[in-house]
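Topology and contacts: notes
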Amino acid sequence: MRRRGTLWFWVFVGPFAAGLALFTYVPLLWSVGLSFFDAHNTVTPTRFVGLDNYTAMLKDDAFVDSLRTFLLFTAFIVPVTYLLSLSLALMVNRVKRARAFFRSVFFLPAACSYVVAALVWKMSLFNGVRFGLANTVLGWFGSDPVAWLSSADPPWYWLVIVTVRLWLQAGFYMILFLAGLQRIDPVLYEAAAVDGARPGWTVLRHITLPQLRATSVAVVLLLVINAFQAFDEFYNLLSDARGYPPYARPPLVYLYYTALGQGQNLGAGSAGAVILALIIAVVTVGQARWLRLGRTDADG
């Protein structure tokens, strides 16, 4: 029986484990190896250069600027998405009727492809001509059409990028908060009411938010990781037949052009990917320690 249980375990898990190793871990390790070689137009380099690729990437102003820009982007998009998702969850949780309907409506954008959403935003909502939805609304108030994606001063493209990301992400994190809200014991709210606590900010601050601490930590960590991995919406919103503009260039877009662009410097691109992965790991671990992930109140 023990052997049969082991056999069936590998029957079900084996194909998944093999695919994970072949398509995830092997390319990952190969990329780390490429970062130490001069790999122009090849994935099987022979000339070892040590840390030269890492040094070159850290001295590359364009790469450093992309990291600096998206540190600021992360610092903005994470709290905004957090507050919006939490607000939606609180509202949906208070609905007495048709709760499943509203939950589905807000979650539905999470099932949409980032590429499709970016193209809808680019071609229909913020297409830069007077017939686009945003410019049509501005025209009702007598304003001139705005080139939302092709103007760097003022940087209206950030409005487009932020709105599409909020539309895509908020519903998913709302579901996480809803799950956390439904785990809170109603007795806590009843006791607060008996003690004279008024519904609203007092109850939210002293009961709801502390009970959502574990969920909040998970949401913040996921938001930070997703912000640093941004690629699809930026590339599809801002790129055109002429290429990608020099502004609003996230690290993954920059590394994409470095590794697969005209020069095809796979060694430098791999080194940049490793640097980005280390930054994400450091930020994530730092957040986890700061937010005391995995600790209980008894741990101090």
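Note that this is a predicted model, so its numbers are computed, not measured.

Some remarks on the packing of aromatic side chains
For any pair of aromatic rings, the description rests on two quantities: the centre-to-centre distance and the angle between the ring planes. Enumeration according to the criterion identifies 25 aromatic pairs in this entry. On the numbers, 4.7 Å between centres and 25 degrees between planes, the contact of Y157 with Y247 is stacked. Highlighted residues: Y157 in helix α7 (residues 157-182) and Y247 in the loop between α11 (232-238) and α12 (251-260), separated in sequence by 90 residues. In terms of burial, Y157 and Y247 fall into one category: buried. Ring geometry for F231 versus Y235: centroids 5.5 Å apart, planes at 10 degrees, classification stacked. Taking relative accessible area as the criterion, F231 reaches 22% and is therefore assigned partly exposed. These aromatic residues form a ring-pair network of at least three members: F70, F73, Y157, W158, F234 and Y247.

What about the side chain of S85?
Take S85: it is sitting in helix α3 (residues 61-94). From its side chain, S85 meets the backbone oxygen of T81 in a polar contact 2.8 Å long. A polar contact is formed between the side chain of S85 and the backbone oxygen of A170, at a distance of 3.3 Å.

Some remarks on the UniProt feature "domain: ABC transmembrane type-1" (unreviewed entry) in the protein
Summarizing the sequence annotation, UniProt attributes the feature "domain: ABC transmembrane type-1" (unreviewed entry) to residues 67-287 in the numbering used throughout. End C-alpha atoms of residues 67-287 are separated by 18 Å, and the span's content is 71% helix alongside 0% strand.

Things to note about the UniProt feature "transmembrane region" (unreviewed entry) in the protein
UniProt records the feature "transmembrane region" (unreviewed entry) at residues 7-30, 70-93, 100-121, 156-179, 212-231 and 266-285, using the numbering of this structure. Measuring from the first to the last C-alpha atom of residues 7-30 gives 31 Å, for a span that is 100% helix and 0% strand. Summarising residues 70-93: 100% helix, 0% strand, and an end-to-end C-alpha distance of 33 Å.

A word on the packing of α3 against α7
Each pair of packed helices gets described by two things: the angle between the helix axes and the distance between those axes. Packing of α3 against α7 brings their axes to within 7 Å, and their N-to-C directions diverge by 45 degrees. Put simply, α3 runs oblique to α7. Both α3 and α7 take part in a crossing whose hand is right-handed. The residue inventory of the contact of α3 with α7, partitioned by class, reads 22 nonpolar, six polar and one charged.

Conventions used here
Residues numbered from 1 in each chain as written. Predicted model: local features only at pLDDT ≥ 70, side-chain atom pairs only at ≥ 80, totals over all residues. Heavy atoms only, no water. Phe/Tyr/Trp six-rings, centres within 6.5 Å; stacked < 30°, edge-to-face > 60°. Helix = DSSP H or I, 4+ residues; strand = E, 2+ residues; numbered from the N terminus. Buried < 20%, exposed > 50% of the residue type's maximum accessible area, 1.4 Å probe, protein only. Polar contact = N/O pair within 3.5 Å; in protein donor to acceptor, adjacent residues only side chain to side chain. UniProt positions renumbered as here; feature names shortened; annotations may be inferred. Axes fitted to C-alpha atoms, helices over the stretch in contact; angles between N-to-C directions. Parallel < 35°, antiparallel > 145°, perpendicular 65-115°, else oblique. Left-handed = near helix turned anticlockwise from the far one by under 90°. Nonpolar A, V, L, I, M, F, W, Y, C, P; charged D, E, K, R; others polar.

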